[in-house]
Amino acid sequence: MGKVKKIGIGVGVVILMFFVIAILASIGYESQEEKLKTPELSPSEIKAKSLDGISYDDLLRNNENYVGKFVHYTGEVLQAQNTYGDTYVIRVGITKDVFVYTDVVWVNYAGPRVLEGDIIEFWGEVTGIQEYEAVLGNIVSIPEVDSLILNVVTKQG
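All of these numbers come straight from a predicted model, not from anything done at the bench.

Scoring rules and cut-offs
- Residues numbered from 1 in each chain as written.
- Predicted model: local features only at pLDDT ≥ 70, side-chain atom pairs only at ≥ 80, totals over all residues.
- Heavy atoms only, no water.
- Pairing = 2+ DSSP bridges.
- Helix = DSSP H or I, 4+ residues; strand = E, 2+ residues; numbered from the N terminus.
- Axes fitted to C-alpha atoms, helices over the stretch in contact; angles between N-to-C directions.
- Buried < 20%, exposed > 50% of the residue type's maximum accessible area, 1.4 Å probe, protein only.
- Contact = heavy atoms within 4.5 Å.

Student: Quick rundown of the sheet that holds strand β2 (residues 87–96)? Include the residues and the values.
Tutor: Reading around the barrel, the five strands line up as β1-β2-β3-β5-β4 and close back on themselves, with mixed pairing between neighbours. Taken pair by pair, the neighbouring strands of this sheet meet at an average axis angle of 45°, ignoring direction. For strand β1 (residues 70–84) and β2, the ladder comprises seven bridges, and the chain directions are antiparallel. Looking at β2, one finds that Asn 82 is bridged to Tyr 88.

Structure, rendered in structure tokens:
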């Protein structure tokens, strides 16, 4: 009887911890979503303060010089992943070559869904460098921006 009781208590503790972790995770996602949705400046102030023409090389190589500053880019959505509710992580190619967009930026975005292949224009705050593991297992480092304004210029297709 004692062994069964211990197993029951152990299972109960595991289930309780699962719920606590799930609640804490959802609180974090909601606060990130609210942060992305409620900029402190008006759209016209954000646009006026945004830096245009920052090269991708400069944004990546000298990223610390731009953290906390606003930037403006137009590019193609290469990948859009829903993280929670209407919050997304978008990989955006900001340099148009002959046939494809290159020079990828990690964009955190809250708002209506965007699709891979959409051409977007965005204004946002540089937050640093984002690292992720690519399909082949290599680590990729790209500039990260919290989008404050995002417009779909051309829908995919």
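Student: Can you lay out the environment of Gly 117 for me, pointing to particular residues and giving the numbers?
Tutor: Along the polypeptide, Gly 117 turns up in the loop between β3 (101–110) and β4 (119–133). With relative accessibility at 23%, the residue Gly 117 sits in the partly exposed group. With residues near it in sequence (within four places) discarded, Gly 117 still touches Glu 76, Val 77 and Gln 156.

Student: Any details on the pairing of β4? Residues and values, ideally.
Tutor: Inspection of the sheet shows β1 paired to β4 by seven bridges, in the antiparallel sense. Following the sheet pairing, Thr 74 is matched in β4 by Glu 121. One ladder, built from 14 bridges, connects β4 with strand β5 (residues 139–154); its direction is antiparallel. Each bridged residue has a counterpart across the sheet, and for Gly 128 the counterpart in β5 is Glu 144. Taking the residues between adjacent antiparallel strands as the criterion, β4 and β5 are bridged by five residues, where Gly 137 takes a positive phi near 95°.

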